[in-house]
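Structural characterization, general
Spelled out from the first residue to the last, the chains are:
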Amino acid sequence: MEKGLLENTGKPLDHWVKVVKDSKIEKHKAIIDFLKAEHGFTYGFANFVAMKARKADAASHDPDDLLTNQYSGKEHLKPIYEKLVMEISKFGSDITRTPKKDSVSMIRKKQFALIKPATKTRIDLGLKLKGKPTTERLGDSGPFGTMCTHRVQIAEVNEVDQELLGWLKEAYEGAQ
């Protein structure tokens, strides 16, 4: 996106962030409207610059801070996250772990799993398992929408069992 911004405008991201800061506009939509009206931006580039200027995107934050914030008040769920990451990392060296503000994406060539501390009592594990029927435990994607095809709710570390690891491995293998 940053490269495209430079190609389309002739100016780097830093320049546009400064333009936004100098404008003193703080609200996201107002920044987008300003960049579109005053500088001829498309929505996509305006949104990108607005996110960067407001430091509202996950990439503007330290990954460790993102994880700390996700589990703030939910520290007892962190061992579940750690167990999932440890087991997933055994699948291969081609996995990228991408922390976001409220979840962590597990990506091969495509995202295959999403780990989210959904409530104070459970983690929701989103999986991409196209064509797999749901069961009582392997539910539909729920709040994940199209990001995942299925969701497993995990409240205890011992729920990261062979059945769950089998679904994770299947999702990993399908993300080639």
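1. Focus on the pattern of salt bridges
- The tally for this structure, following the rule as stated, stands at twelve salt bridges.
- For Glu163, the salt bridge is made with Arg137, and the minimal N-O distance between the two is 2.7 Å. One end of the pair, Glu163, is in helix α7 (residues 162-173); the other, Arg137, is in the loop between β4 (123-127) and β5 (139-140), and 26 residues separate them in sequence.
- Under the relative-accessibility criterion, Glu163 is labelled partly exposed at 44%.
- Judged by relative accessible area, which is 24%, Arg137 ranks as partly exposed.

2. Notes on helix α5 (residues 63-70)
- For α5, every residue scored as buried is listed here: Leu66, Leu67 and Gln70. For α5, the angular spread of the buried residues around the axis is 95°, confining them to a single face. Set apart from the buried face of α5 by more than 90 degrees, the exposed residues are Asp64 and Asn69.

3. Notes on the packing of helix α2 (residues 13-23) against helix α3 (residues 28-39)
- The N-to-C vectors of α2 and α3 enclose an angle of 110°; their axes lie 11 Å apart at closest approach. Regarding the angle of α2 to α3, the classification is roughly perpendicular. Within the contact between the two elements, α2 uses Trp16, Val19, Val20 and Ser23 and α3 uses Ile31, Phe34, Leu35 and His39.
- Among the residues forming the contact of α2 with α3, the class breakdown is six nonpolar, two polar and no charged.

4. Side note on the packing of helix α1 (residues 2-9) against helix α4 (residues 43-53)
- Between α1 and α4, whose axes approach to 11 Å, the crossing angle comes to 120°. The pairing of α1 with α4 is recorded here as oblique in orientation. The chirality of how α1 crosses α4 is left-handed. Residues Glu2, Gly4, Leu5 and Asn8 of α1 form the contact with α4, whose participating residues are Phe45, Phe48 and Val49.
- Here the contact of α1 with α4 is built from residues that sort into four nonpolar, two polar and one charged.

5. Side note on the side chain of Ser105
- Along the chain, Ser105 turns up in strand β2 (residues 104-107).
- Overall, the relative accessible area of 1% leaves Ser105 in the buried class.
- In this structure the side chain of Ser105 is engaged in a polar contact, spanning 2.6 Å, whose partner is the side chain of Gln111.
- Discounting residues that sit within four places of it in the chain, Ser105 has contacts with Thr96, Arg97, Thr98, Lys100, Gln111, Ala113 and Leu114.

6. Things to note about the sheet that holds β4
- Read from one edge to the other, the open sheet built from six strands follows the order β1-β2-β3-β4-β6-β5, with strand pairing classed as antiparallel. In this open sheet, the two strands that pair with only one neighbour each are β1 (96-99) and β5.
- Seen against the sheet, α7 touches β3 (111-117), β4 and β6 (150-154) and runs at an angle of roughly 40° to β4.

7. Brief notes about the environment of Lys169
- As for its position among the elements, Lys169 is in helix α7.
- C-alpha of Lys169 to C-alpha of Glu87: the two residues are 82 residues apart in sequence and 9.5 Å apart in space.

8. Some remarks on the nonpolar core
- Leu84, Phe112, Ile115, Leu125, Leu127 and Leu168 are the most contacted members of the largest nonpolar core, which totals 30 residues.
- Breaking this core down by element, the ones donating at least two residues are α6 (78-89), β2, β3, β4, β6 and α7.
- When residues of this core are assigned to their parent elements, the largest contribution, six residues, is made by α7.
- Ignoring anything within four residues of it in the chain, the contact list for Leu84 reads Ile115, Leu125, Ile154, Val160, Leu164 and Leu168.
- Counting 17 residues, the second-largest nonpolar core is a separate cluster that includes Val17, Leu35, Phe45 and Ala46.

9. A few points about the environment of Gly145
- Considering the arrangement of structural elements, one finds Gly145 in the loop between β5 and β6.
- With a relative accessible area of 33%, Gly145 lands in the partly exposed category.
- In this structure the C-alpha to C-alpha distance between Gly145 and Leu6, which are 139 residues apart in sequence, comes to 33 Å.

Cut-offs used in this document
- Residues numbered from 1 in each chain as written.
- Predicted model: local features only at pLDDT ≥ 70, side-chain atom pairs only at ≥ 80, totals over all residues.
- Heavy atoms only, no water.
- Salt bridge = Lys/Arg side-chain N within 4 Å of Asp/Glu carboxyl O.
- Helix = DSSP H or I, 4+ residues; strand = E, 2+ residues; numbered from the N terminus.
- Buried < 20%, exposed > 50% of the residue type's maximum accessible area, 1.4 Å probe, protein only.
- Arc of directions from axis to C-beta.
- Axes fitted to C-alpha atoms, helices over the stretch in contact; angles between N-to-C directions.
- Parallel < 35°, antiparallel > 145°, perpendicular 65-115°, else oblique.
- Contact = heavy atoms within 4.5 Å.
- Nonpolar A, V, L, I, M, F, W, Y, C, P; charged D, E, K, R; others polar.
- Left-handed = near helix turned anticlockwise from the far one by under 90°.
- Polar contact = N/O pair within 3.5 Å; in protein donor to acceptor, adjacent residues only side chain to side chain.
- Pairing = 2+ DSSP bridges.
- Core = buried A, V, L, I, M, F, W, Y, C linked by side-chain atoms within 4.5 Å.

These figures come from the coordinates and say nothing about function on their own.
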